[in-house]
Amino acid sequence: MFESLSDRLGGVFDRLRGRGALTEADVRAAMREVRVALLEADVALPVAREFVEKATEKAIGQNVLRSVTPGQQVVKIVSDALVEMLGSDAVELELGVTPPAVIMMVGLQGSGKTTSTAKIAKRLAAGQANFGQAGRERKKVLMASLDVNRPNAQEQLATLGTQIDVATLPIVQGQQPVDIARRAMQAAKLQGYDVLMLDTAGRLHVDQALMDEMKAVADVANPAEILLVVDSLTGQDAVNVAQNFSDQVPLTGIVLTRMDGDARGGAALSMRAVTGKPIKFAGTGEKLDALEAFHPERVAGRILG
Ligand code: GDP
């Protein structure tokens, strides 16, 4: 992931560094190349535009061009802008509420929601979900599937639960999502669970029924975290999906799946800017330990080589 963007930016940077003096026209030409590189990596157009505008302004506005190493400084400005676009600091799960802390997983069908639910549950159970002190405590986790649309979705989560040794709410056939959420809350409280993970139903497309269902579940469960799961391989669509969800549901973060795939990476790059929400985790494979906390500066480092 990010290879072609990395190559393109590397080329622009080498040319900038290779020159002693820089004119405003040189900077504008370089920034046009940066913009093309971002768009080719599938970064959303308004995000790429704003990125380049801000970076250009900084590069020609200050005394950069008159400095001893203008090329170096312009490179630094672009690098900093990249880190800022990705969200600067890694953001942890916020689970410091009266238990059970509810994590609601939302997203389209096939985005990797159920798998990510299990991956996060596994980390929490092992005390590895966050990087802070509290995150190192092993959590007692209960998972519940509210997906009554897709056949066997509830069984799929139960199977994953067995694999990772995390409890799942017993299935009651015919029960509707809001009622399952209520039952899950009750079970989690009574049985002293620290964290309750709710795997909500997906849809093929964003639709109002889905949004209404999520809002009803959120009202009942009062989640500490609402994580949107999106497939990074869907590029621009992923960004649109995130925008849609983010407009209607109070998301607290994003899980980007399939970061192991051969994607151009633009979804990851645009996500924060478009939704204002941090990417908290990246899914990097089908296995249940293939999940990484998302560190913007490391990702930027990888892109910048
Ligand atoms: P859901 O419909 O959103 O619940 O999607 P699932 O969790 O069932 O995932 C759909 C498919 O994507 C499954 O085959 C998963 O193994 C796979 N998957 C999920 N996350 C990742 C990931 O980060 N990388 C890869 N390569 N595959 C993933």
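Report follows, based on the coordinates. All values reported here derive from a predicted model rather than from experimental measurement.

1. Here we look at the site of the ligand
Here comes step 1: In the vicinity of the ligand there are 18 residues, among which G110, K113, T115, R258 and D260 approach most closely.
Here comes step 2: Taking G112, its main chain carries an N or O atom lying 2.9 Å from an oxygen atom of the ligand.
Here comes step 3: Starting from 580 Å² of accessible surface for the ligand in isolation, the protein chains cover 82%.

2. Notes on the environment of L142
Here comes step 1: Examined against the element boundaries, L142 turns out to sit in strand β2 (residues 141–145).
Here comes step 2: Here L142 falls in the buried class, since its relative accessible area comes to 4%.
Here comes step 3: Sequence separation of L142 and L86 is 56 residues, and the distance between their C-alpha atoms is 31 Å.

3. Focus: the pattern of salt bridges
Here comes step 1: What the rule picks out here adds up to 14 salt bridges.
Here comes step 2: Where K76 meets D80, a salt bridge forms, and the shortest distance between an N and an O atom there is 2.8 Å. On the criterion of helical spacing, the pair formed by K76 and D80 is a turn pair, its members being four residues apart in helix α4 (residues 70–86).
Here comes step 3: Measuring nitrogen to oxygen at the nearest pair gives 2.8 Å for the salt bridge that ties E225 to K280. With E225 in strand β5 (residues 225–231) and K280 in strand β7 (residues 279–283), this pair connects stretches of sequence that are 55 residues apart. Here the two residues E225 and K280 agree in accessibility, since each one is buried.
Here comes step 4: Ionic contacts of the salt-bridge type, sharing partners, join the residues E50, K54 and E84 into one network.

4. Looking at the packing of helix α9 (residues 236–248) against helix α10 (residues 266–275)
Here comes step 1: The interhelical angle for the contact between α9 and α10, taken along N-to-C directions, is 25 degrees, at an axis separation of 9 Å. It follows that α9 is roughly parallel to α10 by the angle criterion. In this structure, the crossing between α9 and α10 has a hand that is right-handed. Between α9 and α10, the residues in contact are A238, V239, A242, Q243 and S246 and A267, S270, M271, V274 and T275, respectively.
Here comes step 2: When grouped by side-chain class, the residues that make up the contact of α9 with α10 number six nonpolar, four polar and no charged.

Rules used throughout
- Residues numbered from 1 in each chain as written.
- Predicted model: local features only at pLDDT ≥ 70, side-chain atom pairs only at ≥ 80, totals over all residues.
- Heavy atoms only, no water.
- Near = heavy atom within 4 Å.
- Polar contact = N/O pair within 3.5 Å; in protein donor to acceptor, adjacent residues only side chain to side chain.
- Areas by Shrake-Rupley, 256 points an atom, 1.4 Å probe, with all protein chains shown as cover.
- Helix = DSSP H or I, 4+ residues; strand = E, 2+ residues; numbered from the N terminus.
- Buried < 20%, exposed > 50% of the residue type's maximum accessible area, 1.4 Å probe, protein only.
- Salt bridge = Lys/Arg side-chain N within 4 Å of Asp/Glu carboxyl O.
- Axes fitted to C-alpha atoms, helices over the stretch in contact; angles between N-to-C directions.
- Parallel < 35°, antiparallel > 145°, perpendicular 65-115°, else oblique.
- Left-handed = near helix turned anticlockwise from the far one by under 90°.
- Contact = heavy atoms within 4.5 Å.
- Nonpolar A, V, L, I, M, F, W, Y, C, P; charged D, E, K, R; others polar.

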